[in-house]
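Commentary on secondary and tertiary structure
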Amino acid sequence: MLNIILFGPPGSGKGTQANLLKEKYQLLHISTGDLLREEIANGTKLGLEAKTLMDKGELVPDEVVVGMIQSKLDANKKAKGLILDGFPRTVKQAEALDQLLGELNSPINALVSIVVDEEELKQRLLLRGKESGRPDDQNESIIENRIKEYKNKTTAVATYYENKGKLHEINGVGDVETINKLICSTLDSMSKF
Ligand code: AP5
């Protein structure tokens, strides 16, 4: 099995690249942001509570997202592998993930960190905000808060997997196809596959 985490700040291209990689490697794509937006669209209690935090650019509680991941894993026992997008975002989430995957005897193989400078992130997200109306892309202060949350709570996740020898950094500025090739060559060069 190939289990990878696509990692990076808001707007770094995790979702864009995950959509390409899931086809090539036949992986189950799990985006906690998409799962939360589904809950919001369905008007569930969880969705309503999450929306208040997401609209401010803050993380939702660890136990909420870990529960969603657990349900996805339970419902997809035959998946050939996973591509995790936007999860884990705290060390607590990473520890919970390792425990869940440990029970399945199917650990994380790599964390691919997509590196993009802050100015580029803001431009991409403001542009998407204009085109899609996504609430947390609407203004610079919410985007800055998301980046702040990433720096304060999420960057430690990369260190957590670096200490396990699983961190791979990729330049995320450039055209989507070139970045995709960089990620594929990193994955293909990993000896286990
Ligand atoms: P989430 O949905 O995960 O949002 P995010 O991390 O802010 O990520 P984005 O979707 O904005 O960016 P991305 O890196 O996926 O880039 P994308 O490919 O979309 O989370 C939203 C919220 O949910 C969080 O703030 C939090 O509240 C909550 N949440 C989610 N997961 C959580 C968790 N685990 N724990 C706690 N809370 C959680 O691209 C962005 C834009 O750039 C697009 O318009 C795209 O077309 C464009 N683009 C992509 N690649 C390129 C390129 N190479 N060049 C130019 N433009 C590009």
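Structure's up top.
So, a few notes on the structure that sits alongside this text. Every value quoted in this text rests on a predicted model; they were computed, and no experiment measured them. Position labels on residues start from 1 in each chain and follow its written sequence. Local features in a predicted model are, by the rule used here, given only for residues with pLDDT of at least 70; side-chain atom pairs are given and counted only at 80 or more, and totals for whole chains, interfaces and linings are based on all residues. Note that the side-chain values use all heavy atoms of the structure and ignore hydrogens as well as water.

1. Structural notes on the side chain of D136
Here D136 lies in the loop between α6 (118-132) and α7 (140-162). Whether a residue is buried, partly exposed or exposed follows from its accessible area with a 1.4 Å probe, protein chains only, as a fraction of its type maximum: under 20%, in between, or over 50%, in that order. For D136, a relative accessible area of 9% puts it in the buried group. Within 3.5 Å is the distance limit for a polar contact, defined as a pair of N or O atoms, with the added protein rule that one can donate a hydrogen and the other accept it, and that residues adjacent in sequence qualify only through two side-chain atoms. Among the polar contacts made by the side chain of D136, one reaches the side chain of R134 at a distance of 2.8 Å. Here, two residues are considered to be in contact whenever any of their heavy atoms come within 4.5 Å of each other. Once residues lying within four places of it in the same chain are set aside, the contact partners of D136 are M54, I142, I143 and R146. Runs of E in the DSSP output that reach at least two residues are strands. Runs of H or I that reach at least four are helices, and both are numbered from the N terminus.

2. Description of the packing of helix α2 (residues 32-41) against helix α3 (residues 45-54)
Note on geometry: axes are C-alpha line fits, over the in-contact stretch for helices, and angles between N-to-C directions span 0 to 180 degrees. In the contact formed by α2 and α3, the axes pass within 7 Å of each other and the chain directions differ by 120°. Classified by the interaxial angle, the pair formed by α2 and α3 is oblique. The handedness of the crossing between α2 and α3 comes out as left-handed. Listed contacts from α3 to G33, L36, R37, E39 and I40 of α2 are L46, G47, A50, K51 and M54. When residue character is reported, Ala, Val, Leu, Ile, Met, Phe, Trp, Tyr, Cys and Pro are called nonpolar, Asp, Glu, Lys and Arg charged, and the others, Gly included, polar. Of the residues in the contact of α2 with α3, the class split is 5 nonpolar, 2 polar and 3 charged. Between 65 and 115 degrees an angle is taken as roughly perpendicular, under 35 as roughly parallel, over 145 as roughly antiparallel, and anywhere else as oblique. Crossings are sorted by hand: turned counterclockwise from the far helix by less than a right angle, the near helix makes the crossing left-handed, and turned clockwise it makes it right-handed.

3. Comments concerning the site of the ligand
Near the ligand there are 30 residues, and of these T16, E58, R89, R128 and R146 occur at the shortest range. In this structure, V60 approaches the ligand through a main-chain N or O atom, which is 3.1 Å from a nitrogen atom. Per-residue and other accessible areas were derived by the Shrake-Rupley procedure at a 1.4 Å probe size, with only the shown protein chains allowed to occlude residues. Protein chains shield 86% of the accessible area of the ligand, which is 1000 Å² for the free molecule. Elements with a minimum of two residues in the shell around the ligand: α1 (14-25), α2, α6 and α8 (176-188). At 4 residues, the largest contribution of residues to the shell around the ligand is made by α2. Grouping the constituent residues of the shell around the ligand by class yields 11 nonpolar, 10 polar and 9 charged. The cutoff for a nearby residue is simple: one of its non-hydrogen atoms must lie within 4 Å of the molecule or strand.

4. Brief notes about the sheet that holds strand β3 (residues 81-85)
When DSSP finds at least two bridges between two strands, those strands are taken to pair. In space, the 5 strands of this open sheet follow the order β2-β3-β1-β4-β5, with parallel pairing throughout. Strands with a single pairing partner mark the edges of an open sheet, and in this sheet they are β2 (28-31) and β5 (167-171). Strand-to-strand, the axes of this sheet are offset by a mean angle of 20°, without reference to chain direction. Here strand β1 (residues 2-7) runs beside β3; their pairing, made up of 5 bridges, is parallel. Bridging across to β3, L2 finds its partner in G81. In this fold α7 packs onto β1, β4 (110-115) and β5, with an angle of close to 145° to the strand it touches most, β1.

5. Let's talk about the environment of I108
Within the secondary structure, I108 sits in the loop between α5 (91-103) and β4. The spacing of I108 and M1 is 107 residues in sequence and 9.3 Å in space, taken between C-alpha atoms. With residues near it in sequence (within four places) discarded, I108 still touches N3, I5, L84, L97, D98, L101, Y161 and K166.

6. Concerning the pattern of salt bridges
Side-chain pairs of opposite charge can arise where the charged atoms are in close proximity. The rule for a salt bridge is simple: a side-chain nitrogen of Lys or Arg has to be within 4 Å of a carboxyl oxygen of Asp or Glu. Evaluated as defined, the whole model comprises 13 salt bridges. Note that D137 and R128 form a salt bridge whose closest N and O atoms lie 2.6 Å from each other. We classify R128 as partly exposed; its relative accessible area is 31%. The salt bridge partner of E149 is K153, with a shortest N-O separation of 3.0 Å. Here E149 and its partner K153 are both found in helix α7, 4 residues apart, which amounts to about one turn of the helix. According to the relative accessible area criterion, K153 is partly exposed, its value standing at 38%.

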